[in-house]
Amino acid sequence: MPIIVNLDVMLARRKMRSRELAERIGITEQNVSLLKSGKVRGVRFDTLARICEALGCQPGDILEYVPGPEEEED
């Protein structure tokens, strides 16, 4: 998938654990783990907004577009 989730990087920069983020934004630690690993197919904008508020960052700090071979051919 061409969308890379850099949530683990932002957590490290803010010296915050997944558990603390989960508590702050009101989702389970398991869901934070799934987000960090990129194993989700989508994320709600309100969840993304709460993550950005808790980490003091922008959505672009968490999500990155990296074109794959099929996207580069266009």
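**Regarding the overall build of the protein chain**
Moving on, step 1. Assigned secondary structure in the protein chain consists of 6 helices and 2 strands.
Moving on, step 2. For the protein chain, the succession of helices and strands along the chain, N to C, is β-α-α-α-α-α-β-α.
Moving on, step 3. Put simply, the protein chain has 74 residues, and 31% of those count as buried.
Moving on, step 4. In the protein chain, the proportion of contacts linking residues at least 24 apart, taken out of those at least 6 apart, comes to 64%.
Moving on, step 5. Roughly 5300 Å² of accessible area belongs to the protein chain as shown, and the carbon and sulfur atoms make up 49% of that amount.

**Topic: the packing of helix H2 (residues 18-25) against helix H3 (residues 29-37)**
Moving on, step 1. Where H2 contacts H3, the axes come no closer than 8 Å and their chain directions differ by 115 degrees. The angle between H2 and H3 falls in the class roughly perpendicular. The interaxial crossing formed by H2 with H3 has right-handed handedness. The residues of H3 that touch H2, namely those facing Ser18, Arg19, Leu21 and Ala22, are Glu29, Val32 and Lys36.
Moving on, step 2. A per-class count over the contact of H2 with H3 returns 3 nonpolar, 1 polar and 3 charged.

**Focus: helix H4 (residues 45-55)**
Moving on, step 1. When H4 is considered as a whole, its buried residues turn out to be Thr47, Leu48, Ile51, Cys52, Ala54 and Leu55. Projected onto a plane normal to the axis of H4, the buried residues spread over an arc of 165 degrees and lie on a single side. Opposite the buried face of H4, by more than 90 degrees, sit the exposed residues Phe45 and Glu53.
Moving on, step 2. Those residues of H4 that are buried are in contact with helix H1 (7-13), H2, H3, helix H5 (59-62) and strand E2 (63-65).
Moving on, step 3. Positive phi appears at Gly56, one or two residues downstream of H4, with a value of about 60 degrees.

**Some words on the pattern of salt bridges**
Moving on, step 1. Under the counting rule described, the total for this entry stands at 3 salt bridges.
Moving on, step 2. Note that Arg24 and Glu20 form a salt bridge whose closest N and O atoms lie 2.8 Å from each other. Placement of both Arg24 and Glu20 in helix H2 is noted, with a separation of 4 residues, approximately one turn of the helix.
Moving on, step 3. Residue classification places Arg24 among the exposed residues on the basis of a relative accessible area of 51%.

**Examining the packing of H2 against H4**
A pair of packed helices is characterised by two quantities: the angle between their axes and the separation of those axes.
Moving on, step 1. Direction vectors running N to C along H2 and H4 enclose 120 degrees, while the axes themselves pass 10 Å from each other. Looking at the two axes, H2 sits oblique to H4. Once H2 is placed against H4, the crossing between them reads as right-handed. Contacts from Leu21, Arg24 and Ile25 in H2 reach Arg50, Ile51, Ala54 and Leu55 in H4.
Moving on, step 2. Its residues assigned to classes, the contact of H2 with H4 comprises 5 nonpolar, no polar and 2 charged.

About the thresholds
Every chain's residues receive numbers from 1 upward, in the order its sequence appears when written. Thresholds applied to this predicted model are a pLDDT of at least 70 for local features of residues and 80 or more for the giving and counting of side-chain atom pairs; totals over whole chains, interfaces and linings are not thresholded and use all residues. Neither water nor hydrogens contribute to the side-chain values; these are computed over all heavy atoms in the structure. Only DSSP runs of H or I covering at least 4 residues are called helices, and only runs of E covering at least 2 are called strands; the numbering of each starts at the N terminus. Exposure is judged per residue with a 1.4 Å probe applied to protein chains only, and the accessible area is read against the type maximum: over 50% gives exposed, under 20% gives buried, and values in between give partly exposed. Whether two residues touch is decided by their heavy atoms; if any such pair falls within 4.5 Å, the residues are in contact. Here, Shrake-Rupley sampling with a 1.4 Å probe gives the accessible areas, and only protein chains in the shown set may cover a residue. A fitted line through C-alpha atoms represents every axis, and for helices the fit uses only the stretch in contact; the resulting angles, taken between N-to-C directions, go from 0 to 180 degrees. The cut-offs work like this: below 35 degrees is roughly parallel, past 145 is roughly antiparallel, 65 to 115 is roughly perpendicular, and the gaps in between are oblique. Crossings are assigned a handedness: left-handed for a near helix turned anticlockwise from the far helix by less than a right angle, right-handed for a clockwise turn. Note on residue categories: nonpolar means Ala, Val, Leu, Ile, Met, Phe, Trp, Tyr, Cys or Pro, charged means Asp, Glu, Lys or Arg, and polar means any other residue, Gly included. As used here, the arc belongs to the directions running from the helix axis to the C-beta atoms. Think of a salt bridge as a Lys or Arg side-chain nitrogen and an Asp or Glu carboxyl oxygen that are within 4 Å of each other.

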